[in-house]
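Residue-level structural notes
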Amino acid sequence: MPYLAKILVYPVKSLDGVEVENAEVLASGSLQYDREFAIFDEQGKFVNAKRHAKIHLLRAQFALFNRTISLQIPGGDSQQIFHLDDERQALEATLSDFFGFAVTLRQNSLMGFPDDTSAPGSTVISTATLTEVASWFPRLSVDEMRRRMRANIEIDGVPAFWEDQLFSEQGDLFSFQVGDVHFFGVKPCQRCIVPTRDSYLGEAYPNFQKIFANQRQATLPDWVASSPFNHFYRLSINTQLPPSSAGKILQIGDEINILPQEN
């Protein structure tokens, strides 16, 4: 039986994640606390791992209920702890010093700052998929692949690429349920440059994207809807949420069920 094995939220976009036992689903489809904050430069552009590989060097720990972030700056002797609401200016000053240019921290508690604003729900992947993909790259562990893919919901009790059934041909939403929460699977997630880099050091893995795409194409199940794959550098599922699921709670151990699909 497929079940919910891990829930991960990333309170500040591009920084380390937090594994939680349960999470509230917001009306937008996002999980509470996920990408609630993002770092911006003076031009209003994201300061994220796509544009600034240096961000991989930052280590962050979060106390979600206390609203604090503990930052370990490379070369620093100890962690610096900031309250995300009350000490934001001090946090921005520390981050500005690290990056070498002025940054600000913005907050969106309703939707966060997802990459795909048309499908801002939780991203879904299976443990077996992470294990399989990690095997394509010598020296990369399953946990490192998990850190590179940064999915929210991890399903176990299923074979690799099981989640590839949670979308259909382009334009069609696919209904499935995690515990009491109803989701719509939309499409396989288009990956960016971030998974090509070491999640701790920012160093690029040689030919990562080419190896990934070749292996993804070779292992793509025959039954997968093919139209979303204009290229094969895609992994995990982007989702939407119906209004009826807003405010419900995901819990580790929840069963996953595929619902009858509308014709």
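Above this text is the structure in question.
As a starting point, this report considers the structure included with it. If you're wondering where the values come from, they're calculated on a predicted model, not measured in any experiment. (Residues numbered from 1 in each chain as written. Predicted model: local features only at pLDDT ≥ 70, side-chain atom pairs only at ≥ 80, totals over all residues. Heavy atoms only, no water.)

Some thoughts on helix α4 (residues 208-219)
Quick note on the threshold: A run of DSSP states H or I qualifies as a helix once it reaches four residues; a run of E qualifies as a strand once it reaches two. Both are numbered from the N-terminal end. Working rule for helices: expected span equals 1.5 Å times residues minus one. Summary of the burial criterion: residues with accessible area below 20% of their type's maximum are buried, those above 50% are exposed, and those between are partly exposed, where the area comes from a 1.4 Å probe applied to protein chains only. Arc definition: it is the arc formed by the directions from the helix axis to the C-beta atoms. Any two residues whose heavy atoms approach within 4.5 Å are treated as being in contact.
Relative to the 16 Å expected for twelve residues at 1.5 Å per residue, α4 spans 16 Å between its end C-alpha atoms, a close match to the ideal helical length. Every buried residue of α4 is listed here: Phe208, Phe212, Ala213 and Arg216. Considered in projection along α4, the buried side chains sweep an arc of 120° and stay on one side of the axis. Exposed and oriented more than 90 degrees from the buried face of α4 are Lys210 and Ala218. For α4, the secondary structure elements touched by its buried residues are α2 (127-135), α3 (142-149) and β13 (234-240).

Re the pairing of strand β1 (residues 3-9)
Rules: Two strands are said to pair when DSSP picks up at least two bridges between them.
Relative to strand β10 (residues 153-156), β1 runs antiparallel, the two being bridged by four bridges. Paired with Leu4 across the strands is Ile155, a residue of β10.

Considerations on the nonpolar core
Put simply, the rule is: Only buried residues count toward a nonpolar core. Its members are Ala, Val, Leu, Ile, Met, Phe, Trp, Tyr and Cys residues joined through side-chain atoms within 4.5 Å.
Ile39, Ile69, Leu71, Phe99 and Leu250 are the most contacted members of the largest nonpolar core, which has 54 residues in total. Element by element, the count of residues in this core is highest for helix α1 (residues 88-99), at four residues. Apart from residues lying up to four places away in sequence, Leu250 is in contact with Leu4, Ile7, Glu21, Asn22, Ala23, Val25, Leu31, Ile153, Val178, Val181 and Phe183. The next biggest cluster of nonpolar side chains, apart from the first, holds 16 residues, and it includes Val133, Phe137, Met145 and Tyr233.

Keep in mind these numbers describe shape, not what the thing actually does.
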